[in-house]
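# A structural walkthrough
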Amino acid sequence: RVTAVEGLADRPGTFYMGATGGGVWKTHDFGASWRNVSDGFFNTPSIGAICVDQDHPETVYVGTGTDGLRSNLITGKGIYKSTDGGRTWIFSGLEKTGQIGAVELDPENPQTVFVAAIGQAFQPNSERGIFRSTDGGSTWKHVLFHSDTVGAVDLEIAPQHPHIIYAALWRAERKPWTIISGASEGGIYKSTDGGDHWSKLTEGLPDGLIGKIDLAVSADDPKRVYALIEAPDDRGGLYRSDNFGASFRLVSNRPDLVNRPFYYCNVEANPQNANTVFVLANRYMRSYDAGESWERISSPHGDNHDLWIHPRDTMILIQCNDGGANVSADYGRTWST
């Protein structure tokens, strides 16, 4: 199964995928063929996030440790970086963070790297939260820490406003027989100074018990923030803010948007149309009206985990699921195997 995908904006046929136990793979031909690029370099085959520096596409960061916290997950071992398009890799730190949910670069200064660390799945640890590097991953600073049981599962940087950063905090602990997902702690945090200081967002969001959260923003409307939230009863679902997170409202609580969220909980917005939003869960879902109504769309396999949409040609995308990764050049009408 694959839980992380990323593409190259200036090379439309080139993509990376990260498996939960098979490392990082790369294709140059729209998914017709793949080759492994991480074997011999990584100390773990479990991949949580892939981030390409789109202005310097030979530079790639990989956060290890999948965010799908099944009982048979493999532990992450930190961050790896390549400066030659995945031919070679160097270890870049954060070895004890466990599972990593997201890696993002400052679009105006790609030497500034942010990592959302979920933490060790089976035990408490202090290496949870948001980490920031200002030297391309050589050193790291812990800029958001809640506790040794509450980590960061996702982060997003507001388009055209790189000083505005959103982070999703999640109380998660895996046991062989169950998953602890959520607590009265956690939720969405925001920084307006590039990660130096953070405040919790609450207006319109669920109070009390809150679980896993995934975030999405679109360059088409930098003010809009989507949040897919696990919460009890009818409070879970897709929330939307149209004012940089100052307030949210629940736009849909369809059960199939947030089913089995510890395993799959992902929302993505079309970079050229903020009203088009995708949710990946057991099914692959799409909305054309900012989350108000939904349609099911087909993917080659169920249990969907991640989606990357080309920022300039949104007909091109890569989607992943428990069957692998699939590339489309026609907006998902047809797929690679």
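Above this text is the structure in question.
## Topic: the nonpolar core
Formed by 30 residues in total, the largest nonpolar core has its most connected members in Leu69, Tyr166, Ile188, Ile213, Ala227, Ile229 and Phe248. Elements supplying a minimum of two residues to this core: β14 (165–175), β18 (213–218) and β19 (221–229). When residues of this core are assigned to their parent elements, the largest contribution, four residues, is made by β14. Here Ala227 is in contact with Ile188, Ile213, Asp214, Leu215, Gly237, Leu238, Tyr239 and Phe248, once residues within four sequence places are set aside.

## Side note on the sheet that holds strand β5 (residues 47–52)
Read across the open sheet, the four strands follow the order β5-β6-β7-β8; overall the sheet is antiparallel. Strand pairing shows two members of the sheet lacking a second neighbour, β5 and β8 (90–91), which therefore form its edges. In this sheet, β8 lies alongside strand β7 (residues 79–82) in antiparallel orientation, the contact comprising two bridges. Bridge assignment links Lys81 to a residue of β8, and that residue is Ile90.

## Digging into the side chain of Ser287
Position of Ser287 relative to the elements: it lies in strand β24 (residues 284–287). Overall, Ser287 belongs to the buried group, its relative accessible area being 0%. Within polar-contact distance, the side chain of Ser287 engages the side chain of Asp289 at 2.8 Å. Engagement of the side chain of Ser287 in a polar contact is seen with the backbone nitrogen of Gly291, the distance being 2.9 Å.

## Comments concerning the environment of Ser293
Position of Ser293 among the secondary structure elements: in the loop between β24 and β25 (295–297). Taking the C-alpha atoms as reference points, Ser293 and Val251, 42 residues apart in sequence, are found 8.7 Å from one another. When sequence neighbours within four positions are dropped, the list of residues in contact with Ser293 reads Arg286, Ser287 and Tyr288. Among the polar contacts listed, one links the side chain of Ser293 to the side chain of Asp289, at a separation of 2.6 Å.

How each quantity is defined
- Residues numbered from 1 in each chain as written.
- Predicted model: local features only at pLDDT ≥ 70, side-chain atom pairs only at ≥ 80, totals over all residues.
- Heavy atoms only, no water.
- Core = buried A, V, L, I, M, F, W, Y, C linked by side-chain atoms within 4.5 Å.
- Buried < 20%, exposed > 50% of the residue type's maximum accessible area, 1.4 Å probe, protein only.
- Helix = DSSP H or I, 4+ residues; strand = E, 2+ residues; numbered from the N terminus.
- Contact = heavy atoms within 4.5 Å.
- Pairing = 2+ DSSP bridges.
- Polar contact = N/O pair within 3.5 Å; in protein donor to acceptor, adjacent residues only side chain to side chain.

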